[in-house]
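Summary of structural features
The residues making up each chain are set out below.
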Amino acid sequence: MFPVESVCWRIAVVCSALFLWSCGGPEPDNNIVAPTVDKKATTQKIAAATKIDAQVLSAPAAGSWPTHGLSYKEQRHSPLDSINSDNVAQLGLAWYYDLDTNRGIEATPLIIDGVLYTTASWSKVYALDARSGALLWSYDPQVPKIKGAHACCDVVNRGVAVWGDSVFVGTLDGRLIALDRSNGQPRWSVATFDPELTYTITGAPRVVKGNVIIGNGGAEYGVRGYVSAYDAVTGELAWRFYTVPGNPAEGFESEAMRAAAATWTGEWWQLGGGGTVWDSMAYDPQLDLLYIGVGNGSPWNHKIRSPQGGDNLYLSSIVALNPDTGDYVWHYQTTPGDSWDYTATQHMILADLDINGELRQVIMQAPKNGFFYVLDRATGEFLSAQNYVPVNWAEGIDPETGRPLETPGARFEKMPHQQMPAPYGGHNWHPMAFNPATGLVYIPAMDIPFVYANDPDFRYRKGTWNTGIDTVIGSLPDDRAIREAIKPLAKGALIAWDPVTQQEVWRFDHIGAWNGGVLSTAGNLVFQGNAAAQFAAYDAQSGAPLWSADAQTGIVAAPVTYALDGEQYVAVMAGWGGSFALVHGHFVKPETTANHNRVLVYKLGGTAELPATRWQAKVMPQPPPLKIATEEIQQGKKLYHSTCQFCHGDGAVAGGLIPDLRYSPMLASEVAWHSVVFDGSLAARGMSSFAHLFDETEIELMRRY
């Protein structure tokens, strides 16, 4: 046991450093100068404005953006063409708004009747004048910072939903809240899960037939996934659909769960099962079907989760539900028996395609596993699939059964397997777009390798990551020169994909991975932000770059476009973040990780300018004068990578969102380090105690690593 003083003494020692260091990092200056508006008149106008209903969400008015994917089809293609490939070079900044957060920004703004509704990290909600950027109202749900410890992939939020005269947001700690659209005052709030459990909400709600649909995240932490529907007026629970079966001895909620249980083995319910519905949904009003995307298993490793095999329904599946009752209608599983975190929660698009001379109603998805799928959305019939990025876990998809033809050894049961795609996927949550005129789907794709290996020492640990994967084998080497040499292996591209021929038409290669979501417009344009802090426009038919602007920070969110008074605008939320950003600081230029959380809005002839960036290079402190044995370093490395790396970075190289521990003043003092990591002295700022996972000896080994 390493010598450690009393708790009181530790807290006294660490107090002087608390003002310099916190898990949440410094908040940005809140000295925001925004245009003034008559807020009283504006709120009265909002109160009397368009009431959002099914007709509005099915066929949005030109110039608006009333739901997450523009309409229920989730195509993210706007008919606006005032900004087009001929004049996009004249695009300039119209206005910007600084948000009072500094973590990942993933929201898609909604624009209704001249008001822009959006969210920032920690589930904060903002209503801005869409012409000027003036703040109309904001709402902070006061999510406890300690809840960030349950967020696998940053404390992000992907936006709101609007129905009637209410705005709905899901919060990180599991509340679904209805706000008055005119002033942001809460109307009702319901807990969609016990906040003490390791669920989170990061996805945007959808509203279908008067019910607000919301899922959750947390599969890595050992939970059982489900999606819920709440009455938009009262907040009363309408129905709930579980995505994986629970303990058979306790009975099944539905026949769908009884059928699913036959595809599992062992005692999976003891480990949670997983299958969270943490992002994509779509709805077809004509077929009256709600589509949900289901995530990975818990743990990831199939052999641990379901020892005698089995497909493990409905993990990694697209599932069609009856939106009135939540009853199961059909499913298609993209990755049976998933062992690689190959979720099917990625963006789903509804379209009508001419396939072999027949007009088919289809649903399209490019999930993490690297294959682009086209299904009949009425029946779930498999129509076609082809890999859109390099794939080596499967040789292809059987055209008759729709099942993957797995590569021998891909399940890493005997030997580690270097694999494509990585757990980040060939495509992650970043939205795609579909242009009916070009017939192309525009995919923010990634090529990232990863080594999967069994964790021989796996034990289930409640309240933290449980993958069953040896994270040290999958981590990058500690040698800095080797890290620099392998940086080019993590690549990203904007790909134009023909879903009928299942072929790539063009691509634009980015300098790195984890680039933003996509917007398509009738102006023959595709807009996308990227990890290199650029917001850019491309020719929709050729992929030629036509325009770009410096955003001062990496962009991962998807843009939208809207029109007011005959003038078209393009808006995007800027703010580097998400799982890749947290874990892989190696792959990002440091100057792009100095987060500036903002709403950026552009128009032709815009003349606004961003303030000068404040990024400064940091100087690495000298390591403390310790003689550390190689064995201690390796032990500390394994402990660190089992949990800490998911926030503080692989190899302790942080991505700029929360403190980089290599620069921490806490490292110089065993007392200070233990006060934070073991005693939880910074819990109020989001750095929880890890005493329930590690003893004091293990925590000291991590400091030495």
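Residues numbered from 1 in each chain as written. Predicted model: local features only at pLDDT ≥ 70, side-chain atom pairs only at ≥ 80, totals over all residues. Heavy atoms only, no water.

1. Some words on the confidence of the model for the protein chain
What counts here: pLDDT is a per-residue confidence score from the predictor, ranging from 0 to 100. Two residues form a contact once any of their heavy atoms are found within 4.5 Å.
Taken over all residues, the pLDDT of the protein chain has a mean of 90, while the share at 70 or more is 93%. Here residues 1-34 scores under 50 on pLDDT; set against residues more than four positions off or in separate chains, the count is 71 contacts.

2. Here's the deal with the sheet that holds strand β34 (residues 525-529)
The following threshold applies: Only strands joined by at least two bridges in the DSSP assignment are considered to pair. Strands are runs of DSSP state E lasting at least 2 residues, helices are runs of H or I lasting at least 4, and numbering of each runs from the N terminus.
Pairing is mixed in the open sheet, where five strands are placed in the order β1-β33-β34-β35-β36. The open sheet terminates on both sides in strands that have one partner only, identified here as β1 (77-78) and β36 (545-550). Bridge count between β34 and strand β35 (residues 534-539): five bridges; the pairing is antiparallel. When the sheet's bridge partners are listed, leucine 525 is paired in β35 with aspartate 539.

3. Regarding the state of the cysteines
Rules: Put simply, a disulfide is two cysteine sulfurs that come within 2.5 Å. Between buried and exposed lies partly exposed: a residue is buried under 20% and exposed over 50% of the maximum accessible area for its type, with that area taken using a 1.4 Å probe on protein chains only.
In this structure the tally under the stated criterion is one disulfide. Between the sulfur atoms of cysteine 152 and its disulfide mate cysteine 153 the distance is 2.2 Å. Between cysteine 152 and cysteine 153, the S-S torsion sits near -95°, and that sign places the bridge as left-handed. Look at cysteine 152 and you get buried, because its relative accessible area is 19%. On the basis of relative accessibility, which here comes to 26%, the residue cysteine 153 falls in the partly exposed class. This cysteine, cysteine 644, is not joined by any disulfide, and cysteine 647 carries the nearest cysteine sulfur, 8.8 Å off. Here cysteine 647 falls in the partly exposed class, since its relative accessible area comes to 24%.

4. Examining the nonpolar core
Applicable threshold: What is meant by a nonpolar core is a set of buried Ala, Val, Leu, Ile, Met, Phe, Trp, Tyr and Cys residues, joined one to another through side-chain atoms within 4.5 Å.
Core analysis: the biggest nonpolar cluster contains 97 residues, and Tyr117, Phe241, Ile292, Phe527, Trp547, Tyr562 and Val599 have the highest contact counts within it. When residues in this core are grouped by element, the largest group, six residues, is from strand β38 (residues 567-574).

5. Concerning the pairing of strand β23 (residues 371-376)
Across the six residues of β23, six count as buried, placing the element largely inside the fold. Covered by surrounding structure in β23 are Phe371, Tyr373 and Leu375 together with Phe372, Val374 and Asp376, the residues of both alternating faces. Pairing between strand β22 (residues 358-365) and β23: four bridges, direction antiparallel. The residue of β23 that forms the bridge with methionine 364 is valine 374. Pairing of β23 with strand β24 (residues 382-387), which is carried by five bridges, proceeds in the antiparallel orientation. Within the sheet, the bridge partner assigned to leucine 375 lies in β24 and is phenylalanine 382. Here β23 folds back onto β24, and the loop between the two strands holds five residues, one of which, glycine 380, carries a positive phi near 85°.

6. With respect to helix α12 (residues 696-704)
Taken across its nine residues, α12 has seven buried, putting it largely inside the fold. Buried within α12 are the following residues: Glu696, Ile699, Glu700, Leu701, Met702, Arg703 and Arg704.

7. Here's the deal with the packing of helix α9 (residues 630-643) against α12
For clarity, the cut-off: To obtain an axis, a line is fitted to C-alpha atoms, over the contacting stretch when the element is a helix, and the angle between two such axes runs from 0 to 180 degrees between their N-to-C directions. For this classification, under 35 degrees means roughly parallel, over 145 means roughly antiparallel, 65 to 115 means roughly perpendicular, and everything else is oblique.
In the contact formed by α9 and α12, the axes pass within 7 Å of each other and the chain directions differ by 105°. Taken together, α9 and α12 sit at an angle that is classed as roughly perpendicular. Residues Glu632, Gln635, Gly636, Leu639 and Tyr640 of α9 touch α12, and the partners they reach there are Glu698, Leu701, Met702 and Arg704.

8. Topic: the packing of aromatic side chains
To keep things clear, this is the line we draw: Aromatic rings from Phe, Tyr and Trp, with only the six-membered ring used for Trp, were paired whenever their centres fell within 6.5 Å, and each pair was classed as stacked if the ring planes differed by under 30 degrees, edge-to-face if by over 60, and tilted otherwise.
One pass over the full model with this rule turns up 35 aromatic pairs. Residues tyrosine 221 and tryptophan 465 carry aromatic rings whose centres are separated by 6.1 Å and whose planes lie at 55° to one another, so their mutual orientation is tilted. Of the two residues, tyrosine 221 sits in the loop between β12 (211-214) and β13 (226-231) while tryptophan 465 sits in the loop between β30 (450-452) and α6 (471-474), which places them 244 residues apart along the sequence. Each member of the pair, tyrosine 221 as well as tryptophan 465, carries the same accessibility label: buried. Measuring from ring centre to ring centre gives 5.4 Å for tryptophan 547 and tyrosine 602, while their planes differ by 80°; the resulting arrangement is edge-to-face.

9. What to know about the packing of helix α11 (residues 670-677) against α12
Quick note on the threshold: By the definition used in this description, the sense in which the near helix is turned from the far one sets the handedness, with an anticlockwise turn below a right angle giving left-handed and a clockwise turn giving right-handed. Residue polarity follows a fixed list, in which Ala, Val, Leu, Ile, Met, Phe, Trp, Tyr, Cys and Pro are nonpolar, Asp, Glu, Lys and Arg are charged, and the others, Gly among them, are polar.
Orientation of α11 relative to α12, taken along the N-to-C sense of each, is 115°, at an axis distance of 10 Å. As α11 packs across α12, the resulting crossing turns out to be right-handed. On the side of α11, the interface is formed by Glu670, Trp673, His674 and Val677, while α12 contributes Glu696, Ile699, Glu700, Met702 and Arg703. Tallied by class, residues from the contact of α11 with α12 come to four nonpolar, one polar and four charged.

10. Observations regarding the environment of leucine 440
Here leucine 440 is to be found in strand β29 (residues 440-447). We classify leucine 440 as buried; its relative accessible area is 5%. For the pair formed by leucine 440 and aspartate 98, sequence separation is 342 residues and the distance between their alpha carbons is 34 Å. Those residues in contact with leucine 440 that sit more than four places away from it in its chain are Ala433, Phe434, Asn435, Ala496, Trp497, Asp498, Val505, Trp506 and Ala540.

11. Looking at the pattern of salt bridges
The test is simple: Salt bridge criterion: a side-chain nitrogen from Lys or Arg within 4 Å of a carboxyl oxygen from Asp or Glu.
Enumeration according to the criterion identifies 33 salt bridges in this entry. The partner of arginine 598 in a salt bridge is aspartate 98, with the nearest N and O atoms 2.5 Å apart. Separated by 500 residues along the polypeptide, arginine 598 in strand β39 (residues 598-604) and aspartate 98 in strand β2 (residues 91-98) bring together distant segments of the chain. Taken individually, arginine 598 and aspartate 98 each receive the classification buried, so the pair is uniform in this respect. In this structure, glutamate 106 and arginine 158 form a salt bridge, with 3.0 Å as the shortest nitrogen-oxygen distance. With glutamate 106 in the loop between β2 and β3 (110-112) and arginine 158 in the loop between β6 (135-139) and β7 (161-163), this pair connects stretches of sequence that are 52 residues apart. The same class applies to glutamate 106 and to arginine 158, which are both buried. Residues joined by salt bridges that share partners form a network here, namely Glu358, Arg360, Asp376 and Glu381.

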